[in-house]
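Next come the chains, spelled out residue by residue.
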Amino acid sequence: MRAVLRTQLGGVARRPARLLLTGLAMLVASFVVYATVLAQQITLRTALDNLSGTPAAVDLVVDTPNTENAVPISTAQLAKIKSVPGVAEAVGRVETGGEIGGQYLSLVGDPGSGALSVVHVTQGRYPAAPNEIAVTPRTASRMGLPVGTKLGLKVYGADDKQKTVNLTVVGLVGTADDFGSTGYAPPSEVSTLTGGNTVQKVDVRLAAGADADAVRAAIAATGGKQAPNVRTGADVRLAEAQAAASDLNALFAVVAMFIAIAVAAAGLVAASTFRIVFAQRMRQLALLRAVGAGRGTLVRALAAEGALTGLAAGVTGVLGALALGYAVPPILRLFDITVAGPGLPVLPALGVIALAVFVTLLAVIAPAASAARVAPLEALRAASTTAGKHGIGKLRWAFGLLLVAGAALSAAYVATHLPGRDTKDYRPDMMLLVIVLSGALAFFALIALGPVLMRPVLAAVGLPLRRLGPTGRLAVGGVGGATRRAAAVSVVVALGVTLIAGVVVGGASVRVLADRELASSAPADFELTAGDGASLPADLVSRAAASPQLRHTTTYRRLNDLQLGSAASQFDANDLDIAALPVLSKIDVSEGSLAAVRPGSIAVSGWARDEAHVQLGDRVDVSTGKGKHKVSLTVAAILPGSIPLGSSVLLNRSDMDKLGAPAQASGLLADAAQAGEDGRTAGQQALRQLMDNRTGLGLNVLADQRDQENQALDAVLAVALGLIGLTVLIAVVGVGTTVALSVVERARESGLLRAIGLTRGGLRTMLTTESGLYGVIGAVLGLLLGVPYAWLAVKALGVNAPLRLPVLQLLAVFGVLVLFTALAGVLPARRAARVSPVAALGTE
């Protein structure tokens with residue numbers, strides 16, 4: 001055993017390039033895994049530093065205990081805290097807000113300077129006198145509050161009565177988060193606005209050398225019989241940051257799932273690579289068998305070689321990731337982005353190396369056992385390789401067909417139990433688990449039956465190449481001559497393409513659904529509303545329609561006590577003109593058409609249909625109040641969700657008149673005349689000027705809601721594609737490794753082709769085309785699996801999302817993947833072309 005092991009390890013030492021090629025996929029996987037660990041460390045450390053709302057200089061935080069009948073901290077108690085020996089500074093945190101021009105302005109108490117301030121002045125000055133405030137830059141832009149503005153803020157005092165306070169904006173302040181609706185003033189001034197004498201919490205900074213425990217006890221004593229809750233600033237910052245970063249932990253949990261898929265792909269690539277390497281060493285292995293080495297001895301020696309490969313790949317990958325992790329913070333600082341360092345997570349590093357060794361051992365066992373079964377005499381006759389093996393055994397056939405049957409039955413079960421429009425009592429989680437099971441069975445079936453599928457797939461995708469001349473025919477023949485090898489590599493490519501196709505197709509379908517829902521809830525950039533039962537002034541509506549900063553201006557009216565037939569519930573209705581806003585054309589309709597809502601007809605939501613027991617085409621009596629106004633209308637459309645603007649019924653304007661609706665509009669919708677933030681700000685300012693501080697009017701920026709939804713969806717899809725890209729990267733590495741080892745194995749073939757007239761350029765083209773063919777085969781198989789499963793998953797979600805096939809995006813995925821796999825073969829092809837025909841023909 002020791003002699004055989006020394007022989008094998010000696011061969012590895014003489015050919016380190018082969019060790020690198022064999023473990024390259026595992027090296028990439030180790031790099032990705034540990035880089036993710038470091039990314040998580042950087043993200044969480046940065047969150048701890050930046051996501052806390054408590055300043056770093058705060059040593060103690062005093063707040064009200066979370067108990068029943070707890071007494072808030074009073075301004076008198078705040079004064080006692082300030083007088084405690086050892087307290088250098090204490091700031092009471094208080095927040096209030098009020099209405100200005102139909103929008104809410106939050107007003108936060110802050111000292112404005114010093115270690116306990118969370119803001120810094122960027123323009124003008126910080127408030128120093130009563131009735132002065134400073135606002136954030138986005139607040140100034142969005143709400144029209146530049147420095148020098150005088151405004152009337154409607155606030156509620158301690159007596160719960162509304163009053164108007166006249167304020168002056170004296171400065172702009174920068175802060176960590178600018179939500180576009182925040183102002184700041186000294187805490188005492190904010191308390192004066194509300195008329196209260198309490199604060200929500202107190203931030204305390206200790207004097208140098210102060211005894212923290214003694215100060216903490218003294219502060220607790222200021223509360224008398226009910227001691228306040230006193231915590232250290234470090235504990236509060238940690239709790240705040242962890243709460244803010246909770247979504248990050250969930251994100252990294254999802255990342256871990258995709259990385260597990262990438263590691264599995266690396267294991268498949270490693271197994272394929274070991275088969276090629278061991279096949280090239282058949283003469284050496286047979287000679288060892290001939291001199292007395294047993295099969296078990298060879299298997300153990302080859303397994304030890306695999307473990308060494310995994311160890312080298314794991315250590316190299318971890319060191320590479322560590323170097324990148326420490327390079328990221330200084331690089332980002334060049335772009336004025338500050339992040340924390342990753343530290344040195346030793347245990348995760350050791351875990352990644354152990355994982356690399358373990359996965360490589362699993363990958364090497366089957367190829368080692370296969371290589372050790374070759375009889376000495378048979379192996380010594382010729383340098384045989386796995387290239388000559390095309391078919392699979394009966395047992396593998398049976399196992400593969402069994403997997404196909406399981407995948408088909410699972411998918412059929414889901415397809416026959418999909419929900420209709422009514423998703424009541426439907427549980428999508430169970431169906432999604434069955435889809436994942438079916439997909440896994442289909443992928444394992446692809447692994448089992450891959451060598452058999454290669455020839456028909458290659459015959460189809462290789463047909464255009466055969467017509468391009470000898471080089472194309474040679475490339476197709478090169479891939480078809482080693483179907484097991486082609487299957488092993490293409491399956492990994494297919495896994496990546498399946499996942500990408502699923503995300504692209506599912507994302508396209510979900511985006512259409514999101515557009516439909518946003519078209520209903522946010523059909524315009526702005527909504528101007530009157531109070532309950534009130535109407536918009538007619539002059540305001542006409543001036544809005546004529547404003548150059550606005551377009552697609554339309555009005556609507558509401559009725560809140562509509563009765564449909566004999567339904568027990570009352571419904572909200574509006575008479576929004578569907579044709580007035582372009583985005584409303586995206587709204588989903590279960591039955592009928594919104595364009596058919598003319599005089600004498602209505603559209604109802606799914607809930608209203610169920611409550612009133614009506615169907616498309618039914619006549620239904622519609623009345624208001626106690627039947628004071630009543631009309632009989634035909635149901636022209638039924639929506640799966642709500643009617644635009646959250647109503648249950650959509651009426652034609654003439655029918656709304658018959659039901660006694662006021663002549664003046666309840667609300668106004670409009671789009672910004674220009675796209676982008678500047679156009680949106682101009683439109684908002686134009687509407688605010690039209691409002692002219694009239695009471696009872698409210699302005700909602702619906703475009704912000706759309707942006708938040710779209711940005712969230714874009715971020716999810718980008719993260720998903722980026723994570724799946726790891727699997728594709730490992731697949732491309734596998735293609736490059738396979739082609740590189742194939743060049744060594746087929747050196748004599750290359751020399752013979754050169755000797756009979758194939759040019760260096762022709763040889764390079766042939767090998768590069770072979771490399772690209774692995775991508776073509778994998779992409780075709782991946783699309784055939786990914787698109788149907790994506791459609792099935794979209795329907796199984798039970799959200800009534802439409803099925804979409806983004807052809808251009810899928811073609812782009814196909815083209816980019818084929819390009820990458822072809823590029824992976826460029827360097828091995830150039831190396832093969834540089835070898836002279838004479839030297840190649842002399843290769844064993």
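This text follows the structure it describes.
This structure is a prediction, so every number in the text was calculated from the model and none was measured.

*Asks:* Looking at this structure, I do not really get the overall build of the chain. What am I missing?
*Replies:* Within the chain, the secondary structure is distributed over 27 helices and 24 strands. Evaluated residue by residue, the chain yields a buried proportion of 48% over its 844 residues. Contacts in the chain between residues at least 24 apart in sequence constitute 82% of all its contacts with a sequence separation of at least 6. Accessible surface for the chain amounts to roughly 38600 Å². Of this, 61% is attributable to carbon and sulfur atoms.

*Asks:* Before we go on, may I ask you to explain a nonpolar patch on the surface in this structure?
*Replies:* Taken together, the side chains of Tyr 326, Leu 344, Val 346, Leu 347 and Leu 350 make up a nonpolar region of the molecular surface, amounting to roughly 550 Å² of accessible area. For the nonpolar patch, the element with the most residues is helix α11 (residues 346-372), which contributes three residues. Mapped onto the fold, Tyr 326 is located in helix α10 (residues 295-333). Judged by its relative accessible area of 43%, Tyr 326 falls in the partly exposed class.

*Asks:* I would appreciate a short explanation of the nonpolar core in the present structure.
*Replies:* Within the largest apolar cluster, 83 residues are counted, with the highest numbers of intra-cluster contacts made by Tyr 34, Ile 730 and Ile 777. Element by element, the count of residues in this core is highest for helix α17 (residues 483-521), at 15 residues. The contact partners of Ile 777, leaving out residues within four places of it in the chain, are Met 454, Val 457, Leu 458, Val 461, Val 479 and Ser 490. Grouped together as the second largest cluster of nonpolar side chains are 22 residues, Phe 571, Val 635, Ile 638 and Ala 661 included.

*Asks:* What's the story with the sheet that holds strand β24 (residues 698-701) in this structure? I'm lost.
*Replies:* Through backbone hydrogen bonds, the strands of a sheet pair up, either in parallel or in antiparallel fashion. Pairing in this open sheet of four strands is antiparallel, and the strands run β15-β23-β14-β24 from one edge to the other. Every interior strand has two partners, whereas the edge strands, β15 (550-556) and β24, have only one. Here the strands of the sheet are splayed against their neighbours by 20 degrees on average, with no regard to which way each runs. Where strand β14 (residues 526-529) meets strand β23 (residues 667-672), four bridges bridge the pair, whose relative direction is antiparallel.

*Asks:* How do you make sense of α10 when you look at a structure like this?
*Replies:* Along an α-helix, a turn takes 3.6 residues, which lines up residues three or four apart on a common side. Look at α10: 58 Å from first C-alpha to last across 39 residues, which is about the 57 Å you get at 1.5 Å a residue. The principal kink in α10, of about 30 degrees, is found at Ala 327, preceding the proline Pro 329 by one to four residues.

*Asks:* Teacher, can you tell me more about the sheet that holds strand β3 (residues 87-93) here?
*Replies:* Spatial ordering of the open sheet is given by β3-β12-β1-β13, a layout of four strands whose pairing is antiparallel. Only two strands of the sheet have a single neighbouring strand rather than two, namely β3 and β13 (229-232). The mean inter-strand angle of the sheet, taken between neighbouring strand axes irrespective of direction, is 20 degrees. In this structure, strand β1 (residues 60-63) lies alongside β13, joined through four bridges in antiparallel fashion. Of the residues in β13, the one forming a bridge with Asp 63 is Asn 229. The sheet strands contacting helix α3 (residues 75-82) are β1, β3 and β12 (201-206), and the helix crosses β3 at an angle near 160 degrees.

*Asks:* Would you mind showing me how to read the packing of helix α18 (residues 538-546) against helix α21 (residues 676-691) here?
*Replies:* For any two helices packed against each other, the geometry is given by the interaxial angle and the distance between the axes. Direction vectors running N to C along α18 and α21 enclose 155 degrees, while the axes themselves pass 10 Å from each other. Classified by the angle their axes make, α18 and α21 are roughly antiparallel. Note on packing geometry: the crossing formed by α18 with α21 is right-handed. Here Leu 540, Arg 543 and Ala 544 of α18 come into contact with α21, specifically with Gln 689, Leu 690 and Met 691. Each residue belonging to the contact of α18 with α21 can be placed in one class, and the counts come to four nonpolar, one polar and one charged.

*Asks:* Looking at this structure, how should I read a positive patch on the surface?
*Replies:* On the surface, a cluster of positive charge is made up of Arg 275, Arg 295, Arg 373, Arg 396 and Arg 484. Tracing the backbone shows Arg 396 in helix α13 (residues 394-416).

*Asks:* What am I meant to see in the pattern of salt bridges here?
*Replies:* Oppositely charged side chains are able to pair whenever their charged atoms sit close together. Within this structure, the stated rule accounts for 14 salt bridges. Of the charged contacts, one joins Arg 93 and Asp 110 as a salt bridge, the two residues approaching to 3.0 Å between their closest N and O atoms. Placement of Arg 93 in strand β3 and of Asp 110 in the loop between β5 (103-109) and β6 (120-124) is noted, with a sequence separation of 17 residues between them. For the pair formed by Arg 93 and Asp 110, the shared burial category is buried. For Asp 203, the salt bridge goes to Arg 93, with nearest N and O atoms at 2.8 Å. Taken together, the residues Asp 203 in strand β12 and Arg 93 in strand β3 connect sequence positions 110 residues apart. Each member of the pair, Asp 203 as well as Arg 93, is classed as buried.

*Asks:* Just to check I follow, could you spell out unusual backbone geometry for this structure?
*Replies:* Trans peptide bonds make up most of the peptide bonds, and negative phi angles are found at most residues other than glycine. Although it is not a glycine, Asn 131 adopts a positive phi angle of roughly 65 degrees. Turning to its location among the elements, Asn 131 is positioned in the loop between β6 and β7 (132-135). Among the residues examined, Asn 131 registers a relative accessible area of 39% and is labelled partly exposed.

Parameters and conventions
Residues numbered from 1 in each chain as written. Predicted model: local features only at pLDDT ≥ 70, side-chain atom pairs only at ≥ 80, totals over all residues. Heavy atoms only, no water. Helix = DSSP H or I, 4+ residues; strand = E, 2+ residues; numbered from the N terminus. Buried < 20%, exposed > 50% of the residue type's maximum accessible area, 1.4 Å probe, protein only. Contact = heavy atoms within 4.5 Å. Areas by Shrake-Rupley, 256 points an atom, 1.4 Å probe, with all protein chains shown as cover. Patch = residues over 30% accessible without salt bridge, like charges linked within 9 Å, V, L, I, M, F, W, Y side chains within 5 Å. Salt bridge = Lys/Arg side-chain N within 4 Å of Asp/Glu carboxyl O. Core = buried A, V, L, I, M, F, W, Y, C linked by side-chain atoms within 4.5 Å. Pairing = 2+ DSSP bridges. Axes fitted to C-alpha atoms, helices over the stretch in contact; angles between N-to-C directions. Expected span 1.5 Å × (residues − 1). Bend = angle between axes of the 7 residues up to and from the residue. Parallel < 35°, antiparallel > 145°, perpendicular 65-115°, else oblique. Left-handed = near helix turned anticlockwise from the far one by under 90°. Nonpolar A, V, L, I, M, F, W, Y, C, P; charged D, E, K, R; others polar. Lys, Arg positive; Asp, Glu negative; His and termini not counted. Charge placed at Lys NZ, Arg CZ, Asp CG, Glu CD.

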